[in-house]
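What follows is each chain in one-letter form.
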Amino acid sequence: MKFRTARFSLMTVAAAVALSTSPAWAQLKMGFNVPLTGFAAADGKSALDGAKLAVEQANAKGGVAGQKIELVVYDDQAVAKEAVPSATKMVDRDKVVVAVSGSYSGSTRAAASIFQNAKIPYVVAYAIHPDITLAGDYMFRVSSMGEVQGRGGAKLVQNLGKKRTVLITVKNDFGQALAAGFRDAAPKLGINIVNEYEYAMPDRQFGALVSKVKSDNPEVIYASGYFFNAGPLVSQLRAAGITVPIIGQEGYDSDKFIEIAGPASEGTLITTSLDRDSTEPATRAFLADYRKATNAGADMVAASSYTAVSVAIEGLRKTGGKGGAALRDAIAAGSYDTPIGKLVFNDLNEVKKDIQVQIVKDKAFRRHSVISDPVLLAPPTKAK
Amino acid sequence: MLAIELVAQGLIQGSIYALVALGLTLVYGLLRILHVAHAALFTLGGYVGVLVCNASGSLALGFLIAALVAGFGGVAMFRLAYQPLLSKPPYVALIASIGLFIASEEAFRIIFGAQGMSFTNPALQQQLVLGWGLQFKLAEILVMVSTASIIGVLAWLQARTRIGIACQATVSDPQMAQSFGISLLKVRDINFFVGSALAGFAGVWVALLNNLVEPTMGSVPSYKALAIIVLGGLGSVPGTLAAALLLGVIEAFGTIYLGDILDRNAIAFAFLIAVLMVRPQGLFARS
């Protein structure tokens, strides 16, 4: 109770600030739930910066049908119990025409059915749980689902010519979805999972686990987590003398990972959706604009949130600012040239796209390879 | 071989727990307050250590200033938050403590940012290869060595010096101690200072081991240290030490062999419940 009231009042303050700083003439409201406090606040900041950039750029070009877009921001702390009241407020009080999730699966899943029932399109940036798009036809996701990314990870192991793999999984929706995908693809690709471990989100000290992994003597380690887990984990694996390749995913995708793990981060591979060495104009322009706006390098979360907001805006342009079924159909029918690739939604409103493999080289993420396998990486479709 | 490594990793973790839990048990022994906000001083120490070390390039200075700042922070918490509440029932101070802890987490986030901070040039990262496949970071070894020496010195001070004996007297009978001319306020200040300085010191070690300090880094220690002092028999210094090391080792093995059924951070409490069923007074309490 104590926790709830303290956090809750912070949330309302944050929301009030967001509302009061937005210009009075703004007319088209876009809801945005994002973790600005709590354990995921670092990702939340990237997400908000990416979303703001997309809105500013659209408004600078005159907005949509003569109306400016206003981002209505709610802090959901990446937890379900905060997401529900936020989503309800967006629907009932703010009357948003469209909403975007810049948050994790836990809160996004909880908000999804509220937007679905209100017939408000909800574009999800980087939450990867399968249930989100299953909530209904108003749900859209611009990133690959966890299982798909997990299968991509297995493909990468095969591409590296390795077999004996140890799985280290962060115990939440994200980690478990990745592990499920990896396990699913492993036998088809001749990969042998020697051992599997799970750890909890607050863990930073992996001493015991590292000792055990060392005795497993794997050829490659597939470890999920966020940069705040992965930084210490990779550094501790290397400190124990383990030199085999380590494969991470989108959660590692932050310069902060390289800063924390230091020299130990060199050579770490990640499967993600942002290619820093891309030659695509949309990606190059985004990377440059983001740096100019925030004075920091973009990460996957920023790029995905920027993309999700852009997709929503593109839909609004087509409907002339109208929401509801018209907007749903407009978003579903569009094709989008975004910093994370060319996106087209399938019948479940999931996207099919290549997986970018980045490697840490000289303290930066650089292109390693691209995994392109339309069969293995196919997103799920509507249950027939 | 794996068993030896797991014991070593357990002792490293246990040393950190010991440093944090010691301050908590000192406060409980003295004032019967469950000082949850103690973990905020652990975080504060981590931040100060990183900031000072990055600015000055000296890790030793980082440790020193972190311990001092955390120490004075602890005294300030006592004077401003707990002292005015001493006449109230203990849960009032507990509520204040939880409030302080939540407020500090958010204050760290607002002041230092949500992203956390790292050392620009983390020290003590050299590898020590001990043979038989055993390999440790220098920092890991030094955590154990420094914890053992600091606690040794403190134990000696408490047994041999006037102020140490005054502390012991105050714990066992505050009124009697006062009638012998011991200043309760001074003893309490010193206790908070020493306990909090140890937490700050531990914060710098954790910052070094993970190369990361974050606003929420105190959240796990805040409750785990409570379990440790209960295990150790509330207020008993040697009991707390033993419980901290034991828990470190049990967690190391538990993570590997019980990981499928029990979360690492739940092991402390499962162990606590098991112990309390057999010995309600804690593992190491006298009666």
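All figures in this text were calculated on a predicted structure; none of them were measured in a lab.

Residue and element names in this part refer to chain A. Taking 1.5 Å per residue as the helical rise, helix 4 (residues 105-117) with its 13 residues ought to reach 18 Å, and the 19 Å between its terminal C-alpha atoms agrees with that figure. A111 marks where helix 4 bends most, by close to 25 degrees. With respect to burial, helix 4 is a largely interior element, 10 of its 13 residues being buried. Of all the residues in helix 4, the buried ones are S105, G106, S107, T108, R109, A110, A111, A112, I114 and F115.

This part covers the confidence of the model for chain A. Confidence along chain A averages 89 in pLDDT terms, with 93% of residues attaining 70 or more. Counting interchain partners and residues more than four positions distant, the pLDDT-below-50 stretch residues 1-6 of chain A has four contacts.

With that settled, consider the sheet that holds strand 5 (residues 139-141) of chain A. Residue and element names in this part refer to chain A. Ordered in space as 2-1-3-4-5, the five strands form an open sheet in which the pairing is parallel. Of all strands in the sheet, those bounded by a partner on one side alone are strand 2 (69-75) and strand 5. Going from strand to strand, the sheet's axes swing by 20 degrees on average, the running direction of each strand aside. In terms of strand pairing, strand 1 (residues 28-34) meets strand 2 through seven bridges, oriented parallel. Pairing of L28 across the sheet is with I69, part of strand 2. Contacting strand 1, strand 2, strand 3 (98-101), strand 4 (122-124) and strand 5, helix 12 (residues 300-319) crosses the sheet at an angle of about 165 degrees to strand 3.

Here chain B averages 88 in pLDDT, while 99% of its residues score no lower than 70. If you check the scores for this complex, the pTM reads 0.84 and the ipTM reads 0.85.

The next subject is the pairing of strand 1 (residues 127-131) of chain B. Residues and elements named next belong to chain B. In terms of residue burial, strand 1 counts as a barely covered element, since only zero of its five residues are buried. The pairing of strand 1 with strand 2 (residues 134-137) spans four bridges and is classified as antiparallel. Note on strand 2: the bridge partner recorded for L128 is F136. Taking the residues that link successive antiparallel strands as the turn, the strand 1-strand 2 hairpin has two residues, and the phi of W132 there is positive, at about 50 degrees.

As a further point, take the environment of Y257 of chain B. Residue and element names in this part refer to chain B. The residue Y257 is located in helix 10 (residues 237-257) in this model. With 13 C-beta atoms counted inside 10 Å, the residue Y257 sits in the partly exposed group. Taking the C-alpha atoms as reference points, Y257 and T25, 232 residues apart in sequence, are found 30 Å from one another.

Now for the packing of helix 8 (residues 207-216) of chain A against helix 1 (residues 2-31) of chain B. Where helix 8 of chain A contacts helix 1 of chain B, the two axes come as close as 8 Å, and the packing angle between them is 165 degrees. Here helix 1 of chain B runs roughly antiparallel to helix 8 of chain A, going by the angle between their axes. In terms of crossing hand, the pair formed by helix 8 of chain A and helix 1 of chain B is right-handed. Residues G207, A208, S211, K212 and S215 of chain A of helix 8 of chain A lie in contact with helix 1 of chain B, whose contacting residues are L2, E5, L6, Q9, I12 and Q13 of chain B. Partitioning the contact of helix 8 of chain A with helix 1 of chain B into residue classes produces four nonpolar, five polar and two charged.

For the rest of this paragraph, the subject is the interface of chain B and chain A. Interface size is often expressed as the accessible area that is lost when the parts come together. Each partner contributes to the interface: chain B provides 34 residues, whereas chain A provides 34 residues. Counting only elements with at least two residues in the side of chain B that touches chain A, the list comes to helix 1, helix 4 (90-112), strand 2, helix 8 (184-210), helix 9 (219-231), helix 10 and helix 11 (264-278) of chain B. With six residues, helix 1 of chain B is the largest single contributor of residues to the side of chain B that touches chain A. When its residues are assigned to classes, the side of chain B that touches chain A shows 12 nonpolar, 15 polar and seven charged.

Moving on, we get to the environment of L44 of chain B. Residue and element names in this part refer to chain B. Along the chain, L44 turns up in helix 2 (residues 38-56). Taking the number of C-beta atoms within 10 Å as the measure of exposure, L44 has 24 and is therefore buried. Not counting residues within four places of it along the chain, the set of residues in contact with L44 comprises V69, A70, G73, G200 and G203.

All names here are of chain A. Looking at the assigned domains, one finds that chain A contains domain 1 (2-144 + 280-344) and domain 2 (146-272 + 355-371). Placing a centre on the C-alpha atoms of domain 1 and another on those of domain 2 gives a separation of 29 Å. Contacts between the two partners involve 12 residues from domain 1, matched on the other side by 15 residues from domain 2. Partitioned by chemical class, the residues of the side of domain 1 that touches domain 2 number six nonpolar, five polar and one charged.

The strands making up a sheet are joined through hydrogen bonds of the backbone, oriented either antiparallel or parallel. All names here are of chain A. Reading across from one edge, 7-6-8-9-10-13-14 is the order of the seven strands in this open sheet, with mixed pairing throughout. Each having just a single partner strand, strand 7 (192-199) and strand 14 (364-371) make up the two edges of the open sheet. Direction aside, the axes of adjacent strands within the sheet are offset by 25 degrees on average. Here two bridges tie strand 8 (residues 220-223) to strand 9 (residues 246-248), and the two strands are oriented parallel to one another. Across the sheet, residue I221 finds its bridge partner in strand 9, namely I246. Packing against the sheet, helix 6 (residues 146-159) makes contact with strand 6 (164-170), strand 8, strand 9, strand 10 (269-272), strand 13 (355-361) and strand 14, and its axis sits at approximately 140 degrees to strand 10. The sheet strands contacting helix 8 are strand 6, strand 7 and strand 8, and the helix crosses strand 7 at an angle near 175 degrees.

Conventions used here
Residues numbered from 1 in each chain as written. Chains lettered and ligands numbered in written order. Predicted model: local features only at pLDDT ≥ 70, side-chain atom pairs only at ≥ 80, totals over all residues. Helix = DSSP H or I, 4+ residues; strand = E, 2+ residues; numbered from the N terminus. Expected span 1.5 Å × (residues − 1). Bend = angle between axes of the 7 residues up to and from the residue. Buried ≥ 20, exposed ≤ 12 C-beta atoms within 10 Å, placed from the backbone. pLDDT = per-residue confidence, 0-100. Contact = placed C-beta atoms within 7 Å. Pairing = 2+ DSSP bridges. Axes fitted to C-alpha atoms, helices over the stretch in contact; angles between N-to-C directions. Parallel < 35°, antiparallel > 145°, perpendicular 65-115°, else oblique. Left-handed = near helix turned anticlockwise from the far one by under 90°. Nonpolar A, V, L, I, M, F, W, Y, C, P; charged D, E, K, R; others polar. Domains from an automatic or database assignment.

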